[in-house]
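# Coordinate inspection notes
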Amino acid sequence: RPLAVLTSIVRLEEKLLCKELERRHVPYEVLDTRRTVFRGGTKLPYGGAISREISHTRNTYATHLLERGGVRVVNDARTVSLCGDKLLTTLALEAAGLPVPRWMATLSPEGALDALDEFGYPAVVKPVIGSWGRLAARLDGHDTAETVLEHRAALSNPTNRITYVQEYVDKPDRDIKAYVFGGEVVGAIYKVSTEWRTNTKRGGAPQVCPLDDELVDLLTRASAVAGDGVLGIDVLEHRDGTRYVNEINHTPEFHGAIEVLPVDLVARYVDFVLTRLRE
Ligand code: ADP
Ligand code: ZN
């Protein structure tokens, strides 16, 4: 039975993963989540699935529906549901004793302003669900905070009322993105940028980040919290060397990493998926 590659928008990442499956003669089908019909009580004809859906909402439902249809998915529904939400991820990381940036949360934007003055600036407010740094804002003081919160209050999606604030981690023009597949650290890059949001989609330049024991230990523990899937883990490193786990990407992009990492990230990704599906 073929493997399902669950996707809607096909990025470079999905193209490379499909090419690697072809190279290994693994039969697969691209399952467009926008056109698939799921029915109660029906087994789905796939030998497993890779979730590469870009929309968190569709990814959550698709992985649950596939699992109900008897299909094992990498990453599974639990990992997708947890990691797709930055606040829930922070709670799980903190509960497991991992270092996270100091944070606060309110369930409405209006409720955050007074608390922010006490929390301190600079701070970062960001949507609990989202990527590429979209709608994340750095608040340098009371006035920016007031304006940004007003804007957030005007956003129509109710999830955007959840106001998740982190301290701004004063970092040396770069962040770490690490690739951890099945609990194993495959490689890490620095995303170097003079902008505070270093996402490669925003022009952050990839550079190899050397692994040390402390970083590997941090990443392994973070991966276990997410459920040991195919993960891209964001680590923020303060100028003083303190490291914090910022978020865990469950459908990691790697267009930047493959330019610089010596390992074959795509092959390792497919290795892990196939191993997991055969378990
Ligand atoms: P996304 O899912 O959009 O990548 P992130 O939480 O990783 O969301 O935020 C995007 C980028 O913004 C991060 O990669 C990092 O460069 C920067 N950033 C986010 N939060 C902080 C923070 N608390 N302190 C410093 N930089 C941050
Ligand atoms: Zn990120």
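Fair warning: this is a prediction, and the values are worked out from it, not measured in the lab.

Cut-off values and rules
Residues numbered from 1 in each chain as written. Chains lettered and ligands numbered in written order. Predicted model: local features only at pLDDT ≥ 70, side-chain atom pairs only at ≥ 80, totals over all residues. Heavy atoms only, no water. Donors = N, O, S within 2.8 Å, 3.2 Å for Na, K, Ca; no water. Tetrahedral: all angles 85-135°; square planar, octahedral: opposite > 155°, others 65-115°. Helix = DSSP H or I, 4+ residues; strand = E, 2+ residues; numbered from the N terminus. Buried < 20%, exposed > 50% of the residue type's maximum accessible area, 1.4 Å probe, protein only. Near = heavy atom within 4 Å. Polar contact = N/O pair within 3.5 Å; in protein donor to acceptor, adjacent residues only side chain to side chain. Areas by Shrake-Rupley, 256 points an atom, 1.4 Å probe, with all protein chains shown as cover. Nonpolar A, V, L, I, M, F, W, Y, C, P; charged D, E, K, R; others polar. Core = buried A, V, L, I, M, F, W, Y, C linked by side-chain atoms within 4.5 Å. Contact = heavy atoms within 4.5 Å. Pairing = 2+ DSSP bridges. Axes fitted to C-alpha atoms, helices over the stretch in contact; angles between N-to-C directions.

### Brief notes about the coordination of the zinc ion (ligand 2)
At this site the zinc ion (ligand 2) is bound by Asp 234 (OD) and Glu 247 (OE), with donor distances of 1.9 to 2.1 Å. Around the zinc ion (ligand 2), the four donor atoms are arranged such that angles at the metal cover 83 to 161°; this shape is classified as irregular. Of this pair, Asp 234 sits in strand β12 (residues 230-237) while Glu 247 sits in strand β13 (residues 243-249), and the two are 13 residues apart along the sequence. Residues Asp 234 and Glu 247 agree in their burial class; the two are buried.

### Concerning the site of ligand 1
The environment of ligand 1 is made up of 22 residues, and the closest members are Lys 86, Lys 126, Gly 133, Asp 175 and Asp 234. Within the contact set of ligand 1, an oxygen atom lies 2.4 Å away from a side-chain nitrogen or oxygen of Lys 86. One of the side-chain nitrogen or oxygen atoms of Asp 175 is found 2.3 Å away from an oxygen atom of ligand 1. Look at ligand 1: alone it shows 540 Å² of surface, and the protein chains cover 98% of it. Secondary structure elements with two or more residues in the shell around ligand 1: β6 (123-126), β8 (163-167), β12 and β13. For the shell around ligand 1, a count of residues per class yields six nonpolar, seven polar and nine charged.

### Observations regarding the side chain of Asn 59
As for its position among the elements, Asn 59 is in helix α2 (residues 56-68). Engagement of the side chain of Asn 59 in a polar contact is seen with the side chain of Thr 251, the distance being 3.2 Å.

### What to know about the nonpolar core
Ranked by size, the top nonpolar core spans 24 residues in total, and within it Phe 181, Phe 254, Leu 265 and Tyr 269 carry the most contacts. Listing elements by their share of this core, those giving two or more residues are β1 (3-7), α1 (12-23), β9 (174-181), β10 (184-192) and α9 (265-278). Sorting elements by how many residues they give to this core places α9 first, with eight residues. Not counting the four nearest positions on each side in its chain, Tyr 269 is found in contact with Leu 17, Ile 50, Arg 52, Phe 181, Val 230, Pro 252 and Phe 254. Membership of the second largest hydrophobic core comes to 22 residues, among which are Ala 178, Val 180, Val 185 and Leu 218.

### Remarks on unusual backbone geometry
Here Val 74 and Asn 75 are connected by a cis peptide whose omega angle stands at 0°. Here Asn 75 shows up in the loop between β4 (73-74) and α3 (77-83). Note the cis peptide between Tyr 121 and Pro 122, where omega equals -5°. Turning to its location among the elements, Pro 122 is positioned in the loop between α5 (113-119) and β6. Of note, Asp 173 is a non-glycine position whose phi angle comes to about 55°, a positive value. Along the chain, Asp 173 falls in the loop between β8 and β9.

### A word on the sheet that holds β10
The strand order across the open sheet formed by five strands is β11-β10-β9-β12-β13, and the pairing between neighbours is antiparallel. Each end of this open sheet is capped by a strand with a single partner; those strands are β11 (205-208) and β13. Looking at each pair of strands side by side, their axes are set apart by 30° on average, direction ignored.

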